[in-house]
Amino acid sequence: MRPFRYARAENVAGAVALLARSPEGAFLGAGTNLVDLMKLEVLTPDLLVDVRQLTSDAVEELPDGGVRIGAAVPNSDLAAHPLIRRRYPLLSEAILAGASGQLRNMATTGGNLLQRTRCPYWQNITTPCNKREPGSGCSAIDGFNRDMAILGSSPQCVATHPSDMAVALTALDAIVRTEGPSGERTIPLAQLHRLPGNEPQRDTILQHGELITAVDVPPLPYAVRSRYRKVRDRASYAFALVSVAAAIDVQDGVVRDLRIALGGVAHKPWRATIAEQALRGQPADPDQFWAAASAEVAEARPLTHNAFKVPLARNTIVETLLNLTGISG
Amino acid sequence: MTTITARAMGQALSRVDGPAKVRGHAPYAFEQPVDRPVYLYPVEAAITVGRITGIDCSHASAQPGVLGVLTHLNAARTSAGASGELGILQSDQVAFRNQFVGAVLAETSEIARYAAGLVRVDYEARPHDVVFDAGRRDLYKPEQLAPSFPMDTDKGDVDAALSSAPFALDQGYTTPRYHHNPLEPHSTIAVWADGHFTLHMSTQGVHVARACLAQVFDLDPDRIRIIAPYVGGAFGSKVQPRADAVLAMLAARMVPGRPVKFQLTRQQTFSQTGYRPPTVQRVQLGADRDGRLLAVAHSCTAPTARIQEFAEHSTRSTPTLYATPNLRTRQRLAKLDISTPSIMRAPGEASGMFAVESAMDEMAIACGVDPVEFRIRNDTDTHPLTGLPFSSRNLAGCMREGARRFGWDQRDPTPRARRSQGWLVGTGVATALYSVFRLPGSASIQAHPDGRYTVSIGAADIGTGTWTALAQVAADALGVDLTQVELQIGDTNYPCASEAAASSGITSWGAAICEAADQLRHALADQPGGQLPPQGLTITADMPENPYLQQYSMHSFGAQFAEVRINEFTGEIRVPRQLGVFAVGRIVNPRTARSQLLGGMTWGLSMALHEHGALDPRFGATVNQDLATYHVASNADVGNVEVHWLDEYDPYVNPMGTKGIGEIGMVSAAAAIANAVHHATGIRVRDLPITLDKLLPESRPVTATS
Amino acid sequence: MDVDISIRVDGDTHRLSVDTRTTVLDTLRERLGITSPKKGCDHGQCGACTVLLNGRRVNSCLLLAVAHDGAEIVTAAGLAVDGQMHPMQRSFIEHDAFQCGYCTPGQIVSAVAMLGEAAAGWPSFATPAGEQPATPDSGGMRDDEIRERMSGNLCRCAAYANIVPAIREVAEA
């Protein structure tokens, strides 16, 4: 690890100001991802500003029936929170599908969202990587790319975003609240993470020194029956090959509304808008599910080792919708 | 050979090292308390093949707390005989990616690691050759891989038999690169003082390690002491010392008197500690209309390192398996610019038996014979190649007992015939086999006047239960109560003994202890009045020759059963049940023995479903070099694992009647799972691991979900 | 850059100066000689370093010591009280729930904390949707709940099939 200074601030504004003066500094939350990457010298901040005590660690009910999740709420607490389990079971399930009991006890809501994308070549500083060294080339495109993206990637980068929680929150149209050098703002979660494009080094649209303070989840009554389905190479403690966060409102055999988001397939949590649009207002039946899921992955651009993710994503969407609606396939 | 009476043996005692281990107080190598430690961090080659053209240590040396930078320009010269991977820092040559090219010594581990990254190394790279395939023109036949097994075997006319056989099979199978990943990464504390090395080292054999390192440093072995009472897993990767130990010793020479601490990172273990080489195998079987084998042919090609040869003998057990008039095995290697493979649990059998026992399943189906019955029908009383009788062979017994316990007779052999809540269900079986190995060594027993006995032997406990089971053997060898025996292992100050490898530990060490006990009895009888002198009596004895070795073929056998479930939408695989029945001679300690066997079976599951080291041909190293990307089985992957054994008496193997249990639990467990996957899905996966993409339905599943 | 900190480990307070880069795990193992938590991967991928931090199980390899000034840490060694082993430790020995022993202190700390999490009503990924997790008080834990909750602790000797009944027995006691 590169030597660094450690600092605490009185409040969020103080932390933002500290980092604004340190272009190579970083916020330290639980550190589960940051410390991991600092050991590998993938990330080499010269200052860590500890923000664990600065934001709320509470889950509050909002007047509109939604909830506000403080950025410092540990993943374990959020997954176990009665409000979350009752209103947004897919969010609780998504968190519990991620990492391990130990890591969930450490990781925070804000930090979970800001996990960096994963790629073994990015994590090995002796191999070329555009995310680590822009312009050096992508080792994964022609390398070992089983875990890599099939949607929204660029010739610059094919890494995938690892957060399960973020997939569920994307399906729920969550809003991220931030405070930064330019003041406070809100960002729809679907816009927080970026596709790699020509700037794979940027995972999110946050500015340097911009801190997530809370996440608002709008009400979604039919999410009381929702699911997070994660498919992985190990039965537990593994990143998703493909995951599906879904909620569906079926009345009189017709899909009134639905939400689908995918994990493990792109540089960001992938909102399955094509499948959603295809199904909204249509009969809730297996043929429709199959057609909608197939349409969603029609634009997939798989690599040498991950072509299986295309049918896997399609099948997992269908399985999840069948499961949620109780319809036989 | 006299067999000893079992009194302590057979008791399911809990581990004597248990209380220390559950508290975390048992000191592993890196945890031995030392004063003023120096921390070492290596510099690894960033090219695959070539030479170093320049090293700039100035930035690293300038860091506060850095004590020195070790490179090929200033490292002590080691023996010219120290070739291969151990000959580090002796020239400017780079033979494989991540080979050690330097190291930083510092007051703290943080400083050492950061400074190592500041060492600037310039290289001149040469083209490298790291891609293995069975069609290479430079394949060669190695001279000898394992003692007492011929490299190639031939009996009868395989080709003629295959061409006229009513049923013939010719299939290819592959296994990938596997990494051991003991939870304790390889660790060394090295002290150089007064012309002597003291090493706390994570090793499967203190004496094997000492002999090797003494040669590397041109030292009398008496000038090296190695201490290793506790080892945090090994699985073959800690039999021979690796370059990390040499690097720690080279560093210790730079700072005489100060202990140098070096523990590999998890990532470094992937390139520094060996691996099971990938294989490309071909199996040909011929059978008659009654399901009797007419021919067995098994060939295997695998890569090895250009810098040092090591290969698994994947075909070595094939001739022992089944009666057949025609038999052929072949083993070929290709030398590549890669790090050197090493012994890994069930070396040879793990990969080889996956192929043969998958083929046997295919052949049973082709012949229309039940897979359990097919194996029993082809059982043999004499070794198919040598004609020797077996010292004991209970394959058929294991198969029948396993089938009974597993409920095999309820099985509908039709593939893809059973479903449960969106999952296809299938079952499979395979034969396990591992040979009885014995390695020379000695042991000493000191008889104390107060009735205690100190039994000393340079053996190891790598999790196998040696601390407990070998004491049980010693008590019975001496015919005394276990409480009278104090066992001492894990130190070169104790008599020279073999490594904990090849399931030979109890067999070899126990035989030496039995011999020492015998000699002690004779020596006592020679004392005046048969009385122990006041100062006690110490006897050191070598493991004796076994007169039956030339008369019997000695092996353990087993039957592996597995049930699998395959998700119809996603191809996800679960293994809710594994069952193994083994005939492995006497069980010294049922509690620890069961653990070894079920650990082996879970290794088989991990091999079947998860493990796969991906070598990137552009870099020549494993890409997935951590535990997040190189998957080993987690708790949630393991279902019910049932371990059973047959009571077996084998008077020919050694005085205890033991045949070894460390490896056989793993052998063919992957084949049983692969065979069950075929039964569940109709898909035959011949290339491990069996990942969901190989079972994922391309077309739309037609069944209901749960 | 060194910083002074104070941490309590298994009831003893330690004051020391640490590099900002030093993890809690390395502080324990390399500075304080407390080697009950083990280093298996150093990246939160194996669980061998598991300790209780202010009562919760965590991977100590990913905690910077400087950020945990004043923390209360319990290792497997600290679970034993007055020289008496914790019931989980006794159960691990009884069920032979380990072989080499290197992952064992982490497994045991994790198991003890996990039972507390379940008793507090925390669900796991194995908890059926809409149900409360089975707890020690509600008729014992299902094996799949134990397996899922313990999957953050790898055991390469693969003692899992013994670890699960060892924990189940304590859960049912």
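Residues numbered from 1 in each chain as written. Chains lettered and ligands numbered in written order. Predicted model: local features only at pLDDT ≥ 70, side-chain atom pairs only at ≥ 80, totals over all residues. Heavy atoms only, no water.

As annotated in an unreviewed UniProt entry, chain B is Xanthine dehydrogenase from Plantactinospora endophytica.

Under an unreviewed UniProt entry, chain A has the name Oxidoreductase and belongs to Plantactinospora endophytica.

Trainee: Explain the overall build of chain B here, please?
Mentor: A count of helical and extended segments in chain B gives 15 helices and 26 strands. Rg of the C-alpha trace for chain B: 26 Å, near the compact-globule value of 27 Å for 706 residues, within the 12% margin. With respect to the principal axes defined by its C-alpha atoms, chain B has extents near 75 × 75 × 55 Å. Classification of the 706 residues of chain B by burial places 67% in the buried group. Contacts in chain B between residues at least 24 apart in sequence constitute 83% of all its contacts with a sequence separation of at least 6. (Helix = DSSP H or I, 4+ residues; strand = E, 2+ residues; numbered from the N terminus. Rg over C-alpha atoms; globule rule 2.2 N^0.38 Å. Buried < 20%, exposed > 50% of the residue type's maximum accessible area, 1.4 Å probe, protein only. Contact = heavy atoms within 4.5 Å.)

Trainee: Would you mind going over the interface of chain C and chain A with me for this structure?
Mentor: One widely used convention gives an interface's size as the accessible area the parts lose upon coming together. On the chain A side, the residues contacting the 39 residues of chain C number 41 residues. A combined buried area of about 3,200 Å² lies between chain C and chain A, and 56% of that area is made up of carbon and sulfur atoms. When residues of chain C are sorted by the area they lose upon contact with chain A, Arg21, Leu62 and Phe125 of chain C head the list and together hold 22% of the total. Across the contact surface, chain C and chain A share 2 salt bridges. In this structure, arginine 56 of chain C and aspartate 77 of chain A form a salt bridge, with 2.7 Å as the shortest nitrogen-oxygen distance. In this assembly, chain C and chain A are joined by 19 residue pairs in polar contact (both at pLDDT 80 or more). The greatest single-element share of the side of chain C that touches chain A, amounting to 4 residues, is contributed by strand β4 (residues 56-59) of chain C. In the side of chain C that touches chain A, the residues fall into 15 nonpolar, 17 polar and 7 charged. (Buried area = accessible area lost by both parts, 1.4 Å probe. Salt bridge = Lys/Arg side-chain N within 4 Å of Asp/Glu carboxyl O. Polar contact = N/O pair within 3.5 Å; in protein donor to acceptor, adjacent residues only side chain to side chain. Nonpolar A, V, L, I, M, F, W, Y, C, P; charged D, E, K, R; others polar.)

Trainee: How should I be thinking about the UniProt feature "domain: FAD-binding PCMH-type" (unreviewed entry) in chain A in this particular structure?
Mentor: As annotated in UniProt, the feature "domain: FAD-binding PCMH-type" (unreviewed entry) corresponds to residues 1-222 of chain A in the numbering used here. Annotated as residues 1-222 of chain A, this span is 26% helix and 17% strand, and its ends, taken at the C-alpha atoms, are 47 Å apart. (UniProt positions renumbered as here; feature names shortened; annotations may be inferred.)

Trainee: Mind showing me how you'd approach the pairing of strand β21 (residues 537-542) of chain B here?
Mentor: A regular strand carries its side chains on alternate faces of the sheet. Residues and elements named next belong to chain B. Going residue by residue along β21, you find Leu537, Ile539 and Ala541 tucked away on one face and Thr538, Thr540 and Asp542 left uncovered on the opposite face. Bridge analysis of strand β18 (residues 442-447) against β21 gives 6 bridges, and the strand direction is antiparallel. Pairing of glutamine 446 across the sheet is with threonine 538, part of β21. (Pairing = 2+ DSSP bridges.)

Trainee: It is not clear to me how the pairing of strand β20 (residues 485-488) of chain B should be interpreted in this structure. Could you clarify?
Mentor: Residue alternation in β20 of chain B divides its side chains into a buried set, Val485 and Leu487 of chain B, and an unburied set, Glu486 and Gln488 of chain B. Between strand β19 (residues 453-456) of chain B and its parallel partner β20 of chain B, the chain crosses via helix α12 (residues 466-478) of chain B, and the hand of that crossover is right-handed. (Right-handed = clockwise from strand over helix to strand, strands pointing away.)

Trainee: In this structure, what is going on with the pattern of salt bridges? I would like to understand it.
Mentor: Note on pairing: side chains with opposite charge can pair once their charged atoms come close. Going through the model one piece at a time under the given rule, you end up with 72 salt bridges over all chains. In this structure, the salt-bridge partner of glutamate 642 of chain B is arginine 577 of chain B, at a minimum N-O distance of 2.8 Å. A residue pair is termed long-range when its members are at least 10 positions apart, and glutamate 642 of chain B in strand β26 (residues 640-645) and arginine 577 of chain B in strand β23 (residues 573-583) qualify at 65 residues. In this structure arginine 577 of chain B comes out as buried when scored by relative accessible area, which is 17%. For aspartate 26 of chain C, the salt bridge goes to lysine 39 of chain C, with nearest N and O atoms at 2.9 Å. Residue aspartate 26 of chain C is located in helix α1 (residues 24-31), and its partner lysine 39 of chain C is located in the loop between α1 and β3 (50-53); the two are separated by 13 residues in the primary sequence. Given the relative accessible area of 8%, aspartate 26 of chain C is considered buried. If you follow the salt bridges from partner to partner, you end up with Asp173, Asp257, Arg259, Arg271, Glu276 and Arg280 of chain A in one network.

Trainee: In this structure, what is going on with the packing of helix α3 (residues 87-94) of chain C against helix α4 (residues 104-119) of chain C? I would like to understand it.
Mentor: Packed helix pairs are characterised by how far apart their axes lie and by the angle those axes make with each other. Residue and element names in this part refer to chain C. Interaxial distance between α3 and α4 falls to 10 Å at its minimum, and their mutual angle equals 125°. By the criterion of interaxial angle, the relationship of α3 to α4 is oblique. Relative to α4, the crossing made by α3 is right-handed. From α3, Met88, Gln89 and Phe92 reach across to α4, where they touch Thr104, Gln107, Ile108, Ala111, Val112 and Leu115. The residue makeup of the contact of α3 with α4, split by class, is 6 nonpolar, 3 polar and no charged. (Axes fitted to C-alpha atoms, helices over the stretch in contact; angles between N-to-C directions. Parallel < 35°, antiparallel > 145°, perpendicular 65-115°, else oblique. Left-handed = near helix turned anticlockwise from the far one by under 90°.)

Trainee: Explanation requested: the domain arrangement of chain B in the structure shown.
Mentor: All names here are of chain B. Parsing chain B into structural domains produces domain 1 (18-27 + 439-542), domain 2 (32-127 + 180-272) and domain 3 (279-436 + 551-694). Taking the mean C-alpha position of each, domain 1 and domain 3 sit 35 Å from one another. Contact residues are listed per partner, giving 13 residues for domain 1 and 14 residues for domain 3. Taken as a group, Thr464, Ser503 and Thr507 account for 43% of the area that domain 1 buries against domain 3, more than any other trio of residues on that side. Viewed at the interface, domain 3 and domain 1 are joined by 0 salt bridges. Our enumeration of links across domain 1 and domain 3 arrives at 8 residue pairs in polar contact (both at pLDDT 80 or more). Listing elements by their share of the side of domain 1 that touches domain 3, those giving two or more residues are α12 and α13 (505-526). (Domains from an automatic or database assignment.)

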